[in-house]
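# Residue-level structure breakdown
The chain contents come next:
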Amino acid sequence: MSGPALIATIIFGLAMLATIGIGVYSGMGREKSLDEWSVSGRGLGLLFVVLLMAGETYTSFSFLGTAGWSYKYGVPIFYLIAYLSVGLVAAYLFAPALWTYAARHRLVSLSDVVEHRFQSRGLGILAAVLASIFVIPYIQVQIQGMGAVVNAMSYGAIDLKVAAIVSFIVAEVFILVSGLRGSAWVSVLKDGLVVIAIVFLAIYVPLHYFSGVGELLDRMVAEKPQWLTFPGAGSGVYGGTWFVSTLLLNGITITIFPTSIAGYFSSQSANALRRNSIILPWYQLLLLVPMMIGCAALFVVPALADADLALFSVVIDSLPAPLVAIIGVAGALSAIVPMSVYMLSIGTMWGRTILGGGLAQQNARTDEAHLSPEQRRASAAERAGLGARQRRLSQWVCLIAGALALAGSLLLPNALVSLSVLSYEGLAQLVPAALLSLYWPRMSKQAAAAGLIVGSVLMVVLHYTGNDPLLGVNGGVWAVAVNAVIVWAVSMAKPDPRWRRDWRTASAEQAPAAARS
């Protein structure tokens with residue numbers, strides 16, 4: 001092993017030990033309930049919520065895919081900043097309502113929201129299964145992304161598969177012990193390194209290879225103009241219509257992304273979520289740096305076989321081993337933190353909705369007004385036992401989901417990753433059932449299920465028949481549109497019976513008042 005590789009490997013190893021230590025320490029002395037494990041007992045303050053949800057901005061894709069897309073396609077990569085910013089506008093409007101609904105009814109996951117809203121465990125199970133199918137590819141993407149980052153920063157000394165296994169072990173250790181709180185604490189280390197690395201690269205790279213950002217942009221205009229206008233370089237499918245439709249679809253979808261839901265529900269208050277939505281758009285500006293480095297790589301390493309290595313090719317070419325290692329650790333942690341939350345989200349949905357008996361088990365024990373003090377204590381102990389059992393089930397599923405993604409990254413590295421392009425389009429089909437239903441009481445479970453199934457099938461068909469995008473529009477938008485039409489039609493024909501009952505009650509109460517007036 002060469003000197004630079006040895007230095008990078010030592011720094012990486014120490015960083016992984018520190019990550020495990022921070023994650024495990026954060027959960028010491030905490031109760032062993034599902035609420036504490038999955039949403040930190042709804043006790044995270046603004047700083048931790050901001051850092052935890054910033055994980056959606058800076059994943060391993062930020063170090064690999066962002067620079068890679070900039071290198072390969074050019075301006076279409078700006079959809080990333082655009083949809084994250086649109087998503088935070090949507091979160092400002094909708095996240096407080098989701099938090100209030102979940103806090104009132106003690107809900108901890110996306111499938112909980114669906115099950116409670118429609119009083120249907122079957123629909124909750126359907127939501128949990130579909131969400132898991134579309135989130136597992138994201139776990140694999142993070143595992144493989146970390147493998148690429150660590151392999152590059154160690155100058156090839158650490159094998160891709162070894163790095164993948166390490167990322168799985170590190171994430172599983174602290175998430176199984178500490179839950180979401182562990183991810184939030186590790187986010188402090190991760191985001192501190194990310195900000196330092198990105199600010200340094202923003203200043204260093206343009207000055208090292210050019211006379212500044214101005215010269216880089218001048219060369220882009222003169223020599224690579226196709227990278228600066230839609231549809232960019234490459235295949236030419238990422239035009240303006242695709243850009244707008246994708247940012248709208250992803251911007252709304254990220255509001256109900258299972259990992260976003262986990263972040264919302266962990267907050268101390270709805271106002272903290274509003275402040276989070278005001279702060280985080282500024283964080284998106286950091287993504288301009290890997291985009292810029294991708295452009296710089298067009299001139300520094302013009303014949304890269306793998307565009308995703310654009311950023312680290314420039315970093316390795318220009319920096320000494322210790323700095324390469326630190327930037328690599330930032331990239332590795334950017335995979336581990338979101339990966340841990342993805343696994344936790346799947347575990348929570350399965351641990352309660354599918355394997356833990358659903359909300360009926362919890363709701364059967366909430367009416368205690370008629371009980372004696374002794375009976376209430378016994379009921380509280382029973383609830384605690386139920387929560388502990390659901391937590392254990394969730395932890396097992398969390399482990400299994402991570403193991404499946406790890407197996408896919410080691411044995412079939414291209415199988416599940418190809419599904420990742422469908423993740424946002426697939427999860428978008430849950431928007432009517434999980435979000436719009438909270439604002440439209442008439443929506444029935446039959447309508448939500450029909451729209452969800454038809455939208456998901458249509459989205460997959462469009463993709464695998466080569467019709468995504470269709471007429472330049474993201475295929476997920478077409479699927480959501482059909483989903484929404486079906487939800488509307490079925491709800492008008494067969495509304496939720498509770499809506500009809502509540503409407504009649506409200507009308508009866510208003511009639512005497514109208515007569516008196």
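In this text the structure is predicted, and so the values were computed from the model without any measurement.

### What to know about the overall build of the protein
Each helix and strand counted, the protein has 24 helices and zero strands in total. Taken over 517 residues, the protein has a buried fraction of 54%. Taking the contacts inside the protein whose residues are at least 6 apart along the sequence as the reference set, 85% of them involve residues at least 24 apart. Looking at the protein as shown, the accessible area adds up to about 20,500 Å², and 68% of this sits on carbon and sulfur atoms.

### Concerning a nonpolar patch on the surface
Among the surface-exposed residues, V89, Y92, L93, I278 and I279 lie close enough to one another that they form a single nonpolar patch of about 480 Å² accessible area. Mapped onto the nonpolar patch, the elements with two or more residues apiece are α6 (79-105) and α14 (270-283). Position of I278 among the secondary structure elements: in helix α14.

### Considering the packing of helix α5 (residues 65-72) against helix α15 (residues 288-300)
The geometry of α5 relative to α15 is characterised by a closest axis approach of 7 Å and an angle of 45° between their N-to-C directions. As summarised for this structure, α5 and α15 are arranged oblique, according to the angle between their axes. For the element pair α5 and α15, the recorded crossing hand is right-handed. Contacts between α5 and α15 involve T66, A67, S70 and Y71 on the former and, on the latter, P290, M291, G294, C295, A297 and L298. Per-class residue counts for the contact of α5 with α15 are seven nonpolar, three polar and no charged.

### Section: the packing of helix α3 (residues 46-53) against helix α13 (residues 258-265)
Between α3 and α13, whose axes approach to 10 Å, the crossing angle comes to 175°. With respect to each other, α3 and α13 are oriented roughly antiparallel. Contacts from V49, L52 and M53 in α3 reach S260, G263 and Y264 in α13.

### Thoughts on the nonpolar core
The nonpolar side chains of a soluble globular protein tend to be buried, and buried together. Formed by 151 residues in total, the largest nonpolar core has its most connected members in M16, F63, M153, Y264, F312 and I336. Among the elements that line this core, the one with the most residues is helix α17 (residues 321-354), at 18 residues. In contact with M153, other than residues within four places in its own chain, are A8, F12, F312, V324, A325, G328 and V329.

### Concerning α5
In terms of burial, α5 is a largely internal element, seven of the eight residues being buried. Within α5, the full set of buried residues consists of G65, T66, A67, G68, W69, S70 and Y71.

### What to know about the packing of aromatic side chains
What the rule picks out here adds up to 19 aromatic pairs. Ring centres of W69 and Y79 lie 5.7 Å apart, and the angle between their planes is 50°; this geometry places the pair in the tilted category. Of the two residues, W69 is situated in helix α5 and Y79 in helix α6; the sequence distance between them amounts to 10 residues. Considering the side-chain rings of F94 and Y439, the 5.7 Å spacing of their centres and the 70° angle between planes classify their relative orientation as edge-to-face. With a gap of 345 residues between them, F94 in helix α6 and Y439 in the loop between α21 (431-434) and α22 (445-464) connect regions that are remote in the sequence. Taken together, the ring pairs in this structure connect W69, Y73, Y79, Y83, Y138, Y238, W242, F257, Y342 and Y424 into an aromatic cluster. One residue, R117, lies across the ring of F118, its end atom 4.6 Å from the ring centre. Just above the ring of F299 sits the side chain of R219; from NZ or CZ to the centre is 4.3 Å.

### A word on the pattern of salt bridges
Note on pairing: side chains with opposite charge can pair once their charged atoms come close. Tallying each qualifying case throughout the model produces six salt bridges. R181 serves as the salt-bridge partner of E36, at 3.0 Å between the closest nitrogen and oxygen. Of the two residues, E36 is situated in helix α2 (residues 34-39) and R181 in helix α10 (residues 180-209); the sequence distance between them amounts to 145 residues. Take E36 and R181: they sit in the same class, and that class is buried. Among the salt bridges present, the one from R117 reaches D496, with a minimum N-O distance of 3.3 Å. Placement of R117 in helix α7 (residues 110-118) and of D496 in the loop between α23 (475-493) and α24 (497-516) is noted, with a sequence separation of 379 residues between them. Pair check on accessibility: R117 and D496 agree, each one buried.

### Let's talk about the confidence of the model for the protein
This prediction gives the protein a mean pLDDT of 86; 90% of its residues lie at or above 70. Low pLDDT (under 50) marks residues 506-517, which in the prediction has zero contacts with non-local residues, meaning those over four places away or in another chain.

Conventions and cut-offs
- Residues numbered from 1 in each chain as written.
- Predicted model: local features only at pLDDT ≥ 70, side-chain atom pairs only at ≥ 80, totals over all residues.
- Heavy atoms only, no water.
- Helix = DSSP H or I, 4+ residues; strand = E, 2+ residues; numbered from the N terminus.
- Buried < 20%, exposed > 50% of the residue type's maximum accessible area, 1.4 Å probe, protein only.
- Contact = heavy atoms within 4.5 Å.
- Areas by Shrake-Rupley, 256 points an atom, 1.4 Å probe, with all protein chains shown as cover.
- Patch = residues over 30% accessible without salt bridge, like charges linked within 9 Å, V, L, I, M, F, W, Y side chains within 5 Å.
- Salt bridge = Lys/Arg side-chain N within 4 Å of Asp/Glu carboxyl O.
- Axes fitted to C-alpha atoms, helices over the stretch in contact; angles between N-to-C directions.
- Parallel < 35°, antiparallel > 145°, perpendicular 65-115°, else oblique.
- Left-handed = near helix turned anticlockwise from the far one by under 90°.
- Nonpolar A, V, L, I, M, F, W, Y, C, P; charged D, E, K, R; others polar.
- Core = buried A, V, L, I, M, F, W, Y, C linked by side-chain atoms within 4.5 Å.
- Phe/Tyr/Trp six-rings, centres within 6.5 Å; stacked < 30°, edge-to-face > 60°.
- Lys NZ or Arg CZ within 6 Å of the ring centre and 35° of its normal.
- pLDDT = per-residue confidence, 0-100.

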